[in-house]
Amino acid sequence: MNTENKIRAELLSLQDLEYKNFHSKLMPTVNPEAIIGIRMPILRKYAKSLAKTADADEFLTILPHKYYEENNLHSLLIEPIKDYDKAISLTDEFLPYIDNWATCDLLAVRTVKKHLNSYIKKIDRWLESEHIYTIRFGINMLMRYYLEEEFKLEYPRKVAAIRSEEYYVNMARAWYFATALAKNYDQVLPFL
């Protein structure tokens, strides 16, 4: 059995149909048939057991995935990678395949904390993308890493400059400004 089928079989064994029915209602952009129905703590535990294995490395080269949870697993396997260039490369390869807000918001690249000066250049490119969830990811990264010590007024300007009719982009923009306002009230208030 190849790696993809082996991992898929493991994911299918973790299925919770009641959760699938509930969770599919939260993501109208995802076909319910593409949702296995795995609770996040269980998926996180599986990802942790799979991380840093040859199967995980191979799985990260397989795109696109068939199931929503495979995409979430992909995100969870990128998260602990300590090699910045590898993590960014894998993120760039994966972003065009993200098709929902949940997978987008789950994706985190922890190693960037040590590379914030260069990471902002990647975020700038993502904000200029035509892909809904790539833009949303860029906004999320500004919110996650650039609202405290690294905060600069140019960042809310970038988010304010985004023009989109896409619901999931605009919700990310609103979320960004709500969070930015809580952390940098006086500087962010004029944007509202």
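Above this text you will find the structure in question.
Throughout what follows, the structure given in this document is the object of discussion. (Residues numbered from 1 in each chain as written. Predicted model: local features only at pLDDT ≥ 70, side-chain atom pairs only at ≥ 80, totals over all residues. Heavy atoms only, no water.)

1. Some remarks on the overall build of the protein
Piece 1. In terms of regular secondary structure, the protein is built from twelve helices and zero strands.
Piece 2. In the protein, the succession of helices and strands from N to C terminus is α-α-α-α-α-α-α-α-α-α-α-α.
Piece 3. Taking 192 residues into account, the globule formula puts the C-alpha radius of gyration at 16 Å, and the protein, at 17 Å, falls close to it.
Piece 4. When each of the 192 residues of the protein is scored for burial, the buried share is 51%.
Piece 5. Within the protein, counting contacts between residues at least 6 apart in sequence, those at least 24 apart form 67% of the total.
Piece 6. Accessible area of the protein: about 10,200 Å², with a carbon and sulfur share of 52%.
Piece 7. Across the protein, 26 positive and 27 negative side-chain charges occur, with their mean positions spaced 4 Å apart. (Helix = DSSP H or I, 4+ residues; strand = E, 2+ residues; numbered from the N terminus. Rg over C-alpha atoms; globule rule 2.2 N^0.38 Å. Buried < 20%, exposed > 50% of the residue type's maximum accessible area, 1.4 Å probe, protein only. Contact = heavy atoms within 4.5 Å. Areas by Shrake-Rupley, 256 points an atom, 1.4 Å probe, with all protein chains shown as cover. Lys, Arg positive; Asp, Glu negative; His and termini not counted. Charge placed at Lys NZ, Arg CZ, Asp CG, Glu CD.)

2. Quick word on helix α8 (residues 116-127)
Piece 1. Taking 1.5 Å of rise per residue, twelve residues should cover 16 Å, and α8 covers 16 Å from first to last C-alpha, within 8% of that figure.
Piece 2. For α8, the set of buried residues is Leu-116, Tyr-119, Ile-120, Lys-122, Ile-123, Trp-126 and Leu-127. One face of α8 carries all of its buried residues, which in axial projection span an arc of 160°. Exposed positions of α8 whose direction lies more than 90 degrees from the buried face are Asn-117, Lys-121 and Arg-125.
Piece 3. Contact partners of the buried residues in α8: α6 (84-94), α9 (132-145) and α10 (154-161). (Expected span 1.5 Å × (residues − 1). Arc of directions from axis to C-beta.)

3. A look at the packing of α10 against helix α11 (residues 167-183)
Piece 1. Look at α10 against α11: their axes get within 10 Å of each other, and the N-to-C directions meet at 155°. Considering their axes alone, α10 and α11 lie roughly antiparallel with respect to each other. Seen along the crossing, α10 lies across α11 with a hand that is left-handed. Contact with α10, carried on its side by Tyr-155, Pro-156, Val-159 and Ala-160, involves Arg-173, Tyr-176 and Phe-177 of α11 and no other residues of that element. (Axes fitted to C-alpha atoms, helices over the stretch in contact; angles between N-to-C directions. Parallel < 35°, antiparallel > 145°, perpendicular 65-115°, else oblique. Left-handed = near helix turned anticlockwise from the far one by under 90°.)

4. Side note on the side chain of Ser-24
Piece 1. Within the fold, Ser-24 resides in helix α2 (residues 17-24).
Piece 2. Ignoring anything within four residues of it in the chain, the contact list for Ser-24 reads Pro-32 and Ile-35.

5. Points about the nonpolar core
Piece 1. By size, the foremost hydrophobic cluster in this structure holds 58 residues, and its most contacted members are Leu-73, Tyr-119, Ile-123, Phe-137, Leu-142, Tyr-146 and Tyr-176.
Piece 2. Of all the elements, α9 adds the most residues to this core, at eight residues.
Piece 3. Those residues within four positions of Tyr-146 in sequence are excluded, and the remaining contacts are Leu-116, Tyr-119, Ile-120, Ile-123, Met-141, Phe-151 and Tyr-155.
Piece 4. Core analysis: the next-biggest nonpolar cluster, separate from the first, contains six residues, Val-30, Ala-34, Ile-35 and Tyr-68 among them. (Core = buried A, V, L, I, M, F, W, Y, C linked by side-chain atoms within 4.5 Å.)

6. Structural notes on a nonpolar patch on the surface
Piece 1. Side chains of Tyr-185, Leu-189 and Leu-192 sit close together on the surface and give an oily, nonpolar patch of about 330 Å² of accessible area.
Piece 2. Position of Tyr-185 among the secondary structure elements: in helix α12 (residues 185-188). (Patch = residues over 30% accessible without salt bridge, like charges linked within 9 Å, V, L, I, M, F, W, Y side chains within 5 Å. Salt bridge = Lys/Arg side-chain N within 4 Å of Asp/Glu carboxyl O.)

7. Side note on unusual backbone geometry
Piece 1. With an omega of 0°, the peptide bond running from Leu-63 to Pro-64 counts as cis.
Piece 2. One non-glycine residue, Lys-52, lies in the positive phi region at around 65°.

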